[in-house]
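Structure at a glance
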Amino acid sequence: MIVVGGGIGGLSAAYALTRRGLAVRVLERASAFGEVGAGIQLAPNCTRILDDYGLLDEAKSLGVLPDAMIMRDAVDGTELTRLDLRDLERRYGFPYLVIHRSDLHAMLLRACERAGVDLRTSQQVTACTNTADGASVTLAGGRVEEARIVVAADGLHSVARKLIADDEPVSSAYVAYRGTTPTASGRAADVDLSEVVVYVGPRCHFVHYGLRGGELLNQVAVFESPKARAGEEDWGTPDELDAAFAATCDFVRGGLPDMWRDRWWRMYDRDPIMTWVDGNIALLGDAAHPPLQYIAQGAIMAIEDGWVLGEQAARHLADEGWAAVLAAYQAVRPEHCRRVVTTSRAWGELWHLDGLARQQRNVLLRERDTYDYAFVDWLYGPTALDPSDEPPMFTPIPLSSANALR
Ligand code: FAD
């Protein structure tokens, strides 16, 4: 089979399917496999899968296992709520891990190499097409490659998605700046790396955590771009970064000089789609469900997709064939990812509140019991293989109470 795209989603799917005995070729358009960016957070629903792959110890040795995740108000710096990540690990059975994206990607690449995945770079796919007994991909230059199944893990601007949906990425008008700083000296030396911290503020937020066993401090500054809102092309520029955080506390503003100022990430997602399979072509990862990053589940969903495909292949392929494998994948993944994509949007709105709404949010968050996991149980438990295993969605206010308030 062919996997289009060698990002975190494509490589983890290739590994999941190869370990089930399938011959997998990955076609990556870049001239070398790699990841741009800085840190990534991996919740227990992902570390559970890495453990199943025999990769968790390696991932732990490359990353950091923080003790707490803390939300603070970006304006006054006060704590709003926290997760005790040691207790969280006991609850879900697997740790919350933060890791450099390139370390995670390189670990998956090594796993694919060991498993015998056929890994090819400089392969720009321009079209995916169903054939009589499989699917084909056309490459820039015109060469066509055939396979029984094509998994399209080609990211936000997926070529294959066009077969299924005539949609476009949705701009949030938010932009992310990232930066990593050695912790040996300077401000980074004073930051507590046992914590993942997010400062939430009006139309902006700021995240920091440690990477590489504490050698690096990872910081992310995200804000709404006034130029994007005004419909200007050149949006998200560094002058907007400084202005967006002008009213935040000293700690947050102190992190801005550490941001890389020569590149930034405009934040797009797509509206959820509930069909991911077209004949012998299946979407996976951001190609199927690019989210805003606010609940840190984008790469995790991609890793879950690949794991589910591998498990469904193990269950159904020998007796029922590929149609049953893809139907089982299609039956369970889109609904989960729809929930994540829509919750991520809602989470962003909550984080970025201003005025009275911000104060009301802060009161509610301060009242939350640290050990109340109701809002993450649906995310951090085992990845469902059947729709009936999908845990109920968290509803902050039960519908009956909401109606009573009207
Ligand atoms: P991509 O990473 O986009 O990979 C697609 C691959 O396909 C690339 O290698 C690309 O070169 C290749 N490709 C594309 N088109 C073609 C083509 N036509 N032919 C051949 N190859 C092609 N997620 C988390 O889980 N936790 C986090 O903490 C987190 N934080 C984030 C923070 C920020 C600021 C952002 C922007 C995102 C964050 N995410 C996080 C989301 C996560 O990064 C993405 O959801 C994830 O990387 C998607 O992986 P993917 O492999 O599906 O797609």
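Residues numbered from 1 in each chain as written. Predicted model: local features only at pLDDT ≥ 70, side-chain atom pairs only at ≥ 80, totals over all residues. Heavy atoms only, no water.

Looking at an unreviewed UniProt entry, one finds the chain named FAD-dependent monooxygenase and attributed to Actinomadura violacea. Note on the chain: under the UniProt heading Cofactor (unreviewed entry), the record states "FAD". (UniProt positions renumbered as here; feature names shortened; annotations may be inferred.)

**Structural notes on the overall build of the chain**
Along the backbone of the chain there are 13 helices and 18 strands. Its C-alpha atoms give the chain a radius of gyration of 21 Å, within 12% of the compact-globule value 22 Å for 406 residues. Buried residues in the chain amount to 56% of all 406 residues. In the chain, of all internal contacts separated by at least 6 residues, the share reaching a separation of at least 24 is 74%. Here the chain has roughly 16700 Å² of accessible surface; of this, 51% comes from carbon and sulfur atoms. Of the side chains in the chain, 40 bear a positive and 56 a negative charge, and the two mean positions are spaced by 1 Å. (Helix = DSSP H or I, 4+ residues; strand = E, 2+ residues; numbered from the N terminus. Rg over C-alpha atoms; globule rule 2.2 N^0.38 Å. Buried < 20%, exposed > 50% of the residue type's maximum accessible area, 1.4 Å probe, protein only. Contact = heavy atoms within 4.5 Å. Areas by Shrake-Rupley, 256 points an atom, 1.4 Å probe, with all protein chains shown as cover. Lys, Arg positive; Asp, Glu negative; His and termini not counted. Charge placed at Lys NZ, Arg CZ, Asp CG, Glu CD.)

**What to know about the pairing of strand β10 (residues 144–147)**
Regular strands place their side chains on alternate faces of the sheet. Taking every second residue as pointing to the same face, the buried face of β10 carries Glu145 and Ala147, while none of Val144 and Glu146 on the other face is buried. The sheet contact formed by strand β9 (residues 134–139) and β10 spans four bridges and is antiparallel. What sits directly across from threonine 138, in β10, is valine 144. (Pairing = 2+ DSSP bridges.)

**Section: the sheet that holds strand β12 (residues 170–182)**
Read across the open sheet, the seven strands follow the order β5-β4-β13-β14-β15-β12-β16; overall the sheet is mixed. Only two strands of the sheet have a single partner each, and these edge strands are β5 (79–84) and β16 (265–269). Taken over all neighbouring pairs, the strand axes of this sheet differ in orientation by 20° on average, direction set aside. In terms of strand pairing, β12 meets strand β15 (residues 216–224) through nine bridges, oriented antiparallel. Residue pairing in the sheet places tyrosine 177 in a bridge with alanine 221 of β15. On top of the sheet, helix α4 (residues 85–92) reaches β4 (68–73) and β5; it is set at about 45° to β5, its chief contact. Running at roughly 35° to β5, helix α11 (residues 355–367) makes contact with β4, β5 and β13 (195–201) of the sheet. (Axes fitted to C-alpha atoms, helices over the stretch in contact; angles between N-to-C directions.)

**Quick look at the sheet that holds strand β1 (residues 2–4)**
The strand order β7-β2-β1-β11-β18-β17 describes an open sheet built from six strands, whose pairing is mixed. Only two strands of the sheet have a single neighbouring strand rather than two, namely β7 (118–120) and β17 (277–278). One ladder, built from three bridges, connects strand β2 (residues 25–27) with β7; its direction is parallel. Its bridge partner lying in β7, arginine 25 is registered against aspartate 118.

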